[in-house]
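# Reading the structure
Read off the chains here:
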Amino acid sequence: MSTFSTCDLCDPHRDTVTPDFVVLPPVFRDFGSPAPFCGQVVTVRCYEDNTSVRAVLETEGHGRVLVVAGGGSLRTALVGGNIGQLAARNHWAGVVVDGCVRDVAELAPLPVGIRALGSMPMPPRKNHAGLVDVPVHVQGVLVRPGSWLYADADGMVVSDTPLT
């Protein structure tokens, strides 16, 4: 992984934020590795059902980042310890959840970046609902599959093209 700073990535866009370069709102907390992470985006759109999240993370990640558009729900978790272990084992660089995680103590030591709105011990439903690799909205920001996400201690940015 190349070294980057989201602050430095934002500097050239100070006056011209466009749909091909966006900054996610500062509402996400770290639950996995605190190290910076980046990678090409895979998306899942689901609501209180993590069947599609698990299915994607069961595949080889090749250093990509899964962005889960969970509708901002704070009622159930979409990622827990078992799914976090899948992400690490299958070489995903990170998982960003517009929703909640659980099993926080199990997620913390994993070598994968995990960001979410909060923690919630309630498990999700398993209705096999969800869409993979579709444009999603995360906290009002459009994120497209195939874009690149960069996350560090200062925040997260998404670009249509690789920046490092």
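Notes on the structure in this doc start here. Just so you know, these numbers come straight off a predicted model, no measurement behind them. (Residues numbered from 1 in each chain as written. Predicted model: local features only at pLDDT ≥ 70, side-chain atom pairs only at ≥ 80, totals over all residues. Heavy atoms only, no water.)

### Side note on the environment of G94
For G94, the position within the fold is in strand β6 (residues 94–101). Exposure remark for G94: the relative accessible area of 0% places this residue in the buried category. Linking G94 and A151, residues 57 residues apart in sequence, is a C-alpha distance of 8.9 Å. With residues up to four places along the chain from it excluded, the contact list for G94 reads F37, R64, V65, L66, V112 and G113. (Helix = DSSP H or I, 4+ residues; strand = E, 2+ residues; numbered from the N terminus. Buried < 20%, exposed > 50% of the residue type's maximum accessible area, 1.4 Å probe, protein only. Contact = heavy atoms within 4.5 Å.)

### Re unusual backbone geometry
With phi around 55 degrees, D133 is a residue other than glycine that occupies positive phi space. Considering the arrangement of structural elements, one finds D133 in the loop between β8 (131–132) and β9 (136–138).

### Considerations on empty space enclosed by the protein
Going through the model one piece at a time under the given rule, you end up with one cavity of 30 Å³ or more. What the largest cavity holds in volume is close to 30 Å³. Lining the largest cavity we find P19, D20, F21, V22, L142, V143, R144, S147, V158, S159 and D160. Along the lines of polarity and charge, the residues of the lining of the largest cavity split into six nonpolar, two polar and three charged. (1 Å grid on protein atoms, 1.4 Å probe; cavity = no way out; pocket = protein on both sides within 12 Å on 5 of 7 lines; lining within 4 Å. Points joined across faces, edges and corners; volume = space filled by probe spheres on them. Nonpolar A, V, L, I, M, F, W, Y, C, P; charged D, E, K, R; others polar.)

### Topic: the environment of R45
Within the secondary structure layout, R45 lies in strand β3 (residues 37–45). Residue classification places R45 among the partly exposed positions, given a relative accessible area of 39%. Separated by 14 residues in the primary sequence, R45 and F31 have C-alpha atoms spaced 20 Å apart.

### Considerations on the environment of V97
Looking at where V97 falls in the secondary structure, it is placed in strand β6. Exposure remark for V97: the relative accessible area of 0% places this residue in the buried category. Once residues lying within four places of it in the same chain are set aside, the contact partners of V97 are F28, V68, L78, V79, R115, A116 and L117.

### Quick notes on the packing of aromatic side chains
Under the criterion given, the structure shown has one aromatic pair. Each ring, one from F4 and one from Y150, has its centre 5.3 Å from the other, and the planes form 75 degrees; the classification is edge-to-face. Placement of the pair is F4 in the segment before α1 (6–10) and Y150 in strand β11 (residues 148–152), with a sequence separation of 146 residues. Assigned by exposure class, F4 and Y150 land together as buried. (Phe/Tyr/Trp six-rings, centres within 6.5 Å; stacked < 30°, edge-to-face > 60°.)

### Points about the pairing of β6
For a regular strand, the rule is simple: side chains alternate between the two faces of the sheet. With eight of eight residues buried, β6 lies mostly within the body of the structure. As paired elements, strand β4 (residues 65–69) and β6 share four bridges and run parallel to each other. Paired with V67 across the bridge in β6 is V96. Strand direction decides the pairing type here: strand β5 (residues 77–79) and β6, joined by two bridges, are parallel. Paired with A77 across the two strands is C100, which belongs to β6. Both β6 and strand β7 (residues 113–119) contribute to a ladder of six bridges, which runs parallel. Considered in β7, the bridge of V101 is made with S119. (Pairing = 2+ DSSP bridges.)

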